[in-house]
Amino acid sequence: MTLAMNQGDLIYFDNAASTPVLSEVIQEMVPYLGNHYGNPSSQHTFGFNTSRAIEKARRYVAYLIGSSPDEITFTSGGTEANNLAIKGSISRLGINNDNKGTVLISSSIEHDSVLQPFNSLKAQGFNVKFVEVNREGIVNLESLLEILKKDKVMLVSIMLANNEVGTIQPIKELTKITHENSNALFHCDAVQALGKIPIDVKHLDVDLLSLSSHKIYGPKGVGAIYTRDRDQLTPLIDGGGQEKSLRSGTENVYGIVGFGGACKIASANLNENWSKIKKLRDYLIDRVLSTIPRCHVNGSRSQRLPNNAHFSFPGVKGEDIIVKLNEYGIAASTGAACSSNKAKPSHVLKAMGLSLLEIEGSLRLTLGHQNTMYEVERVILALEETIKELRRHSGFPNN
Ligand SMILES: Cc1ncc(COP(=O)(O)O)c(C=O)c1O
């Protein structure tokens, strides 16, 4: 596994926002930006070359999540996959007398690309309920069960791993109680989990699953949706009938090839790669907790993505930490970086019951294959200095 770019002395600890594209992936993509330019729908050698490349990529994506290739539809990314899963499975119903009481369920810690489609459906008259999470960010099974028993539920959408605090949900248990107690479809946003923890759609028993390429060392602007039964979805984009009419539009061939390449590499050594990162991450967390006073880790220590460290440093502002760390050449984040730079308190941390002081002083550090122990040490030192300095200004005790 080779990383494409060396950015001098800069340290990148924001791999949940996006990852560098692997050199091997770029090499696989380049021919599809050059000689292989045929439209995959064309009935000649140029078209056959690109459509073959798409089908090969589809097999790699499918293999990584234990599905069959014909259950994979390529999209422009995780956001589109989530919108297609949610709006595509519900909008065809419309609001009529038969489904007036229909309830749609999600959790209070989802990514905006899940929350906003639900808000749109709510505006159309659907009854949307958000299940609570505990202090570690784990969905409350009893609350879900209670709604399933009481209401006529059509769709449940709960993420596999959270983008801010890295908490992993018990999806197998959630699908079990959903399918035992309703006819609802179960959708899962697996964008952050893909390639980091093993995913098997058959074992998880999900109906729909969303994926994205740029979180797993592939290019941006491409993703996919797994559909157990594609007939349950209505397309959001109509047109030439590509992707078996579920997602029209000439395919992003080099993006799809890159996504496939990234999935192939992720499948090859899933556990081995991440155990190294997990060790670095655990060291980072332990050292921060022991060297910086009055701070804590957010989310679960055990049910957590291997690359996520998320802290609260009361008495400082997360945005100020980011600015200071950037001056040290370190890229970090306060949380959901893929949304625009809106400075509103994190809905995830709020739902987990953190105080405003804890939310304001939050910092997410997400590691990747490019990171080293030397970088971890530099981040710890820079963070120690940063918090000391910011607390000196704010008057918050630092001992
Ligand atoms: C959990 C989660 N879902 C969906 C998305 C959106 O994916 P994309 O950037 O491919 O649209 C993200 C992006 O950060 C994410 O973290």
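Residues numbered from 1 in each chain as written. Predicted model: local features only at pLDDT ≥ 70, side-chain atom pairs only at ≥ 80, totals over all residues. Heavy atoms only, no water.

Things to note about the sheet that holds strand β4 (residues 127-131)
Inference 1: In spatial order, the strands read β2-β8-β7-β6-β5-β3-β4; together these 7 strands make up an open sheet with mixed pairing. Only two strands of the sheet have a single partner each, and these edge strands are β2 (72-75) and β4. Averaged over all pairs of adjacent strands, the angle between strand axes in this sheet comes to 20°, irrespective of strand direction.
Inference 2: Pairing of strand β6 (residues 185-189) with strand β7 (residues 208-212), which is carried by 3 bridges, proceeds in the parallel orientation. Across the sheet, Cys188 pairs through a bridge with Leu209, a residue of β7.
Inference 3: Along the sheet face, helix α2 (residues 45-65) touches β2, β7 and β8 (223-227) and points at about 115° away from the line of β2.
Inference 4: Contacting β3 (103-107), β4, β5 (153-157) and β6, helix α4 (residues 112-123) crosses the sheet at an angle of about 155° to β3. (Pairing = 2+ DSSP bridges. Helix = DSSP H or I, 4+ residues; strand = E, 2+ residues; numbered from the N terminus. Axes fitted to C-alpha atoms, helices over the stretch in contact; angles between N-to-C directions. Contact = heavy atoms within 4.5 Å.)

Overview of the pattern of salt bridges
Inference 1: Scanning all chains against the criterion turns up 19 salt bridges.
Inference 2: Taking the shortest distance from any N to any O, the salt bridge between Arg364 and Asp14 comes out at 3.1 Å. Here Asp14 lies in the loop between β1 (11-12) and α1 (23-29) and Arg364 lies in strand β12 (residues 362-366), a separation of 350 residues in the sequence. Here Arg364 matches Asp14 in class, with each residue buried.
Inference 3: A salt bridge links Glu55 to Arg58; the nearest nitrogen and oxygen atoms lie 2.8 Å apart. Taken together, the positions of Glu55 and Arg58, both in helix α2 and 3 residues apart, correspond to about one turn of that helix.
Inference 4: The exposure class of Glu55 is partly exposed, given its relative accessible area of 34%.
Inference 5: Among the residues examined, Arg58 registers a relative accessible area of 8% and is labelled buried.
Inference 6: One salt-bridge network, held together by shared partners, links Glu55, Arg58 and Glu243. (Salt bridge = Lys/Arg side-chain N within 4 Å of Asp/Glu carboxyl O. Buried < 20%, exposed > 50% of the residue type's maximum accessible area, 1.4 Å probe, protein only.)

Re the environment of Ala57
Inference 1: Assignment of secondary structure puts Ala57 in helix α2.
Inference 2: Of the residues examined, Ala57 reaches a relative accessible area of 2% and is grouped as buried.
Inference 3: For the pair Ala57 and Gly260, spaced 203 residues apart in the sequence, the C-alpha separation amounts to 4.0 Å.
Inference 4: Sequence-distant contacts of Ala57, defined by excluding residues within four places in its chain, comprise Phe74, Ile256, Val257 and Gly260.

Quick notes on empty space enclosed by the protein
Inference 1: According to the stated counting rule, one finds 2 cavities of 30 Å³ or more in the structure shown.
Inference 2: Approximately 100 Å³ is the volume attributed to the largest cavity.
Inference 3: The wall of the largest cavity is formed by 14 residues, among which Gly195, Ile216, Tyr217, Ala266 and His369 lie closest to the centre.
Inference 4: Of all the elements in the fold, those that place two or more residues in the lining of the largest cavity are α8 (253-268) and α9 (270-291).
Inference 5: Of the volumes computed, that of the second largest cavity is approximately 30 Å³.
Inference 6: Here the lining of the second largest cavity is composed, by residue class, of 2 nonpolar, 7 polar and 1 charged. (1 Å grid on protein atoms, 1.4 Å probe; cavity = no way out; pocket = protein on both sides within 12 Å on 5 of 7 lines; lining within 4 Å. Points joined across faces, edges and corners; volume = space filled by probe spheres on them. Nonpolar A, V, L, I, M, F, W, Y, C, P; charged D, E, K, R; others polar.)

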